[in-house]
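So you can see what is in the structure, the chains are spelled out below.
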Amino acid sequence: QMQLVESGGGLVQPGGSLNLSCTASGSIRSIIPMGWYRQSPGKQRELVAAIGGDGRTNYAQSVKGRFTISRDNTKNTVYLQMNSLKPEDTAVYYCSAGDDSRWYRPSTDWGQGTQVPVSS
């Protein structure tokens, strides 16, 4: 079984930046697609960004140009650099991993989530 552990969340002011990390451990099948989702109170969990094993990326329209997903395969780690944060980005952010067939929406394994409140 694979474990995903997120870090880097915390309170940030509007317009600020934050970098989330997620490290996979345990039974890692191969270089797998990974991603970030978020969920705000009263809303469904939504995809923020995904990255395939080959580095191709997929972003939600709402974060394009502000967020960047990247990965370091030597560390089994995926990152989410978030810039120009807005109050509407406030959510619990979840790391995910998945299969190549749905690299653009990896959703097989999940982390516990990390809080990102955007507020002044």
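Here the structure is shown first, and the text comes after it.
Since this is a predicted model, take the numbers as computed values, not measurements.

### Remarks on the environment of Thr-90
- Turning to its location among the elements, Thr-90 is positioned in the loop between strand S7 (77-82) and strand S8 (91-97).
- Between the alpha carbons of Thr-90 and Arg-38 there is a distance of 8.7 Å; along the sequence they are 52 residues apart.
- Excluding residues within four positions of it along the chain, Thr-90 makes contact with Ser-40, Val-116, Pro-117 and Val-118.
- Among the polar contacts made by the side chain of Thr-90, one reaches the main-chain carbonyl oxygen of Pro-87 at a distance of 2.8 Å.
- A polar side-chain atom of Thr-90 sits 2.8 Å from the main-chain amide nitrogen of Val-118.

### Topic: the sheet that holds S7
- The antiparallel open sheet is built from four strands, whose spatial order is S1-S2-S7-S6. Across the chains shown, the open sheet's two edge strands, defined by having one partner strand only, are strand S1 (2-7) and strand S6 (67-72). Direction aside, neighbouring strands of the sheet carry axes that sit 15° apart on average.
- With six bridges connecting them, S6 and S7 associate as antiparallel partners. Each residue of the ladder has a partner; that of Thr-68, found in S7, is Gln-81.

### Some thoughts on unusual backbone geometry
- The phi dihedral of Asn-76 is positive, around 50°, even though this residue is not glycine.
- Looking at the secondary structure, you find Asn-76 in the loop between S6 and S7.
- Overall, the relative accessible area of 31% leaves Asn-76 in the partly exposed class.
- Even without being glycine, Ser-84 reaches a positive phi, approximately 50°.
- As for its placement among the helices and strands, Ser-84 is situated in the loop between S7 and S8.

The rules behind these values
Residues numbered from 1 in each chain as written. Predicted model: local features only at pLDDT ≥ 70, side-chain atom pairs only at ≥ 80, totals over all residues. Heavy atoms only, no water. Helix = DSSP H or I, 4+ residues; strand = E, 2+ residues; numbered from the N terminus. Contact = heavy atoms within 4.5 Å. Polar contact = N/O pair within 3.5 Å; in protein donor to acceptor, adjacent residues only side chain to side chain. Pairing = 2+ DSSP bridges. Axes fitted to C-alpha atoms, helices over the stretch in contact; angles between N-to-C directions. Buried < 20%, exposed > 50% of the residue type's maximum accessible area, 1.4 Å probe, protein only.

Taken by themselves, the reported measurements are silent on function.
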